[in-house]
Amino acid sequence: MEETDFYLLKMNSDGLLEWEMIYGGDDRDVAYSTIQTEDGGYIITGYTRSYGSGNNDVWIIKTDEFGQTCDYSTNGNCYMGSSKWVRTYGNGLNQIGRSMVEFVDADIDNETKFAILSQEEHNSSTNIGLYLIDSNGDGFAGSVEMHDECLNDVSVQSWVLSNFGHTWPSMPEADIHAASVIWNFVKQYDMNGLINE
């Protein structure tokens, strides 16, 4: 595969180029989504093969209003404050950042965060991934699994949150009773999220 890079440009209202930036390494890096952020900068997501843990990893680049970011050339990650940072997220399989949105978390001091949806390939199946990222590029990830053809033609959507050490409510069988699965999962824990003895 040929080498590709992320490419970001800004044009004025007359269609004239104001600036352009290229981000990437020595392998294939592909951008899928870009938004302008509330601080006047930009955030880009897609995937990188130049950095990360192997294959395609989600790559997120946060820039200032001029497209400038920090030096990620060592490992694809860097940090220079909330306006300039770069992060890779992956596990050696294939993860591709597809789209994103900026939002304010009212539960945590109205903190700005980003939600990034990704394509996640696991064991020859493709799932949807969710990455919740704070304004410094830190966050946690999960994936969504669909279980079709359950009782009464119900489909069950399972969120797998990788930093929490358990799955909600993953089942390998295609034919499950969702209410029973959810109750059997929930009854293991007390009100503090600890497993009941």
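For the structure given in this document, a descriptive report is provided here. (Residues numbered from 1 in each chain as written. Predicted model: local features only at pLDDT ≥ 70, side-chain atom pairs only at ≥ 80, totals over all residues. Heavy atoms only, no water.)

1. Regarding the pattern of salt bridges
The line we're drawing: What makes a salt bridge here is a side-chain nitrogen of Lys or Arg within 4 Å of a carboxyl oxygen of Asp or Glu, nothing more. Numbering of helices and strands starts at the N terminus; helices are DSSP runs of H or I of at least 4 residues and strands are runs of E of at least 2. Summary of the burial criterion: residues with accessible area below 20% of their type's maximum are buried, those above 50% are exposed, and those between are partly exposed, where the area comes from a 1.4 Å probe applied to protein chains only.
Using the criterion set out here, one finds four salt bridges in the structure. Lysine 84 serves as the salt-bridge partner of aspartate 64, at 3.7 Å between the closest nitrogen and oxygen. Separated by 20 residues along the polypeptide, aspartate 64 in the loop between strand E5 (57-63) and strand E6 (78-79) and lysine 84 in the loop between E6 and strand E7 (85-89) bring together distant segments of the chain. Comparing aspartate 64 with lysine 84, the two get one shared label, buried.

2. Some words on the packing of aromatic side chains
Rules: Side-chain rings of Phe, Tyr and Trp (the six-membered ring for Trp) are treated as a pair once their centres are within 6.5 Å; stacked means planes under 30 degrees apart, edge-to-face means over 60, and tilted covers the remaining angles.
Considering all chains together, one arrives at eight aromatic pairs under this definition. Note on tyrosine 51 and tryptophan 59: the rings are 5.5 Å apart at their centroids and 40° apart in plane angle, and the pair reads as tilted. Overall, tyrosine 51 belongs to the buried group, its relative accessible area being 12%. Residue tryptophan 59 is classed as buried on the basis of its relative accessible area, which comes to 0%. Taken together, the ring pairs in this structure connect Phe6, Tyr51, Trp59 and Tyr72 into an aromatic cluster.

3. A short note on the pairing of strand E3 (residues 29-36)
Note the cut-off: The pairing criterion for strands is at least two bridges between them, as found by DSSP.
Across seven bridges, the pairing between E3 and strand E4 (residues 42-48) is antiparallel. Bridge pairing links alanine 31 to glycine 46 in E4. Hairpin connection between E3 and E4: a loop of five residues separates the two successive antiparallel strands, and glycine 40 in this loop has a positive phi of roughly 90°.

4. Here's the deal with the environment of leucine 132
Summarising the element assignment, leucine 132 is placed in strand E10 (residues 125-134). Taking the C-alpha atoms as reference points, leucine 132 and methionine 100, separated by 32 residues in sequence, lie 9.8 Å from one another.

5. Some words on the environment of tyrosine 79
Rules: A contact between two residues is defined here by any heavy atoms of the two lying within 4.5 Å. Whenever a nitrogen or oxygen atom comes within 3.5 Å of another N or O atom, the pair is scored as a polar contact, on the condition that within protein one atom can donate a hydrogen and the other can accept it, and that pairs from neighbouring residues in sequence are kept only if both atoms are in side chains.
Within the fold, tyrosine 79 resides in strand E6. Taking the C-alpha atoms as reference points, tyrosine 79 and lysine 62, 17 residues apart in sequence, are found 9.5 Å from one another. With residues near it in sequence (within four places) discarded, tyrosine 79 still touches Cys70, Lys84, Trp85, Arg87 and Asn136. Here asparagine 136 takes part through its side chain, which lies 2.9 Å from a polar atom of the side chain of tyrosine 79.

6. Some thoughts on the pairing of strand E1 (residues 6-11)
Across six bridges, the pairing between E1 and strand E2 (residues 17-23) is antiparallel. Residue pairing across strands places phenylalanine 6 opposite tyrosine 23, the latter belonging to E2. Between E1 and the antiparallel strand that follows it, E2, lie five residues; glycine 15 among them carries a positive phi value of about 80°.

7. Here we look at the sheet that holds E3
Read across the sheet, five strands follow the order E3-E4-E5-E7-E6 without closing on themselves; strand pairing throughout is antiparallel. Edge strands, defined here as strands with exactly one partner in the open sheet, are E3 and E6.

8. Brief notes about the nonpolar core
What tends to happen in soluble globular proteins is that the nonpolar side chains get buried as a cluster. To keep it simple, the criterion reads: Only buried residues count toward a nonpolar core, which is a set of Ala, Val, Leu, Ile, Met, Phe, Trp, Tyr and Cys residues joined through side-chain atoms within 4.5 Å.
The biggest cluster of nonpolar side chains holds 13 residues, and the ones touching the most others in it are Phe6, Leu8, Tyr23, Trp59, Ile61, Tyr72 and Val86. Looking at this core, the elements with two or more residues in it are E1, E2, E4 and E5. Those residues in contact with phenylalanine 6 that lie beyond four places of it in its chain are Met21, Ile22, Tyr23, Asp29, Val30, Ala31, Ile44, Thr45, Gly46, Tyr47, Trp59 and Ile61. The next biggest cluster of nonpolar side chains, apart from the first, holds 10 residues, and it includes Val58, Trp85, Met100 and Phe114.

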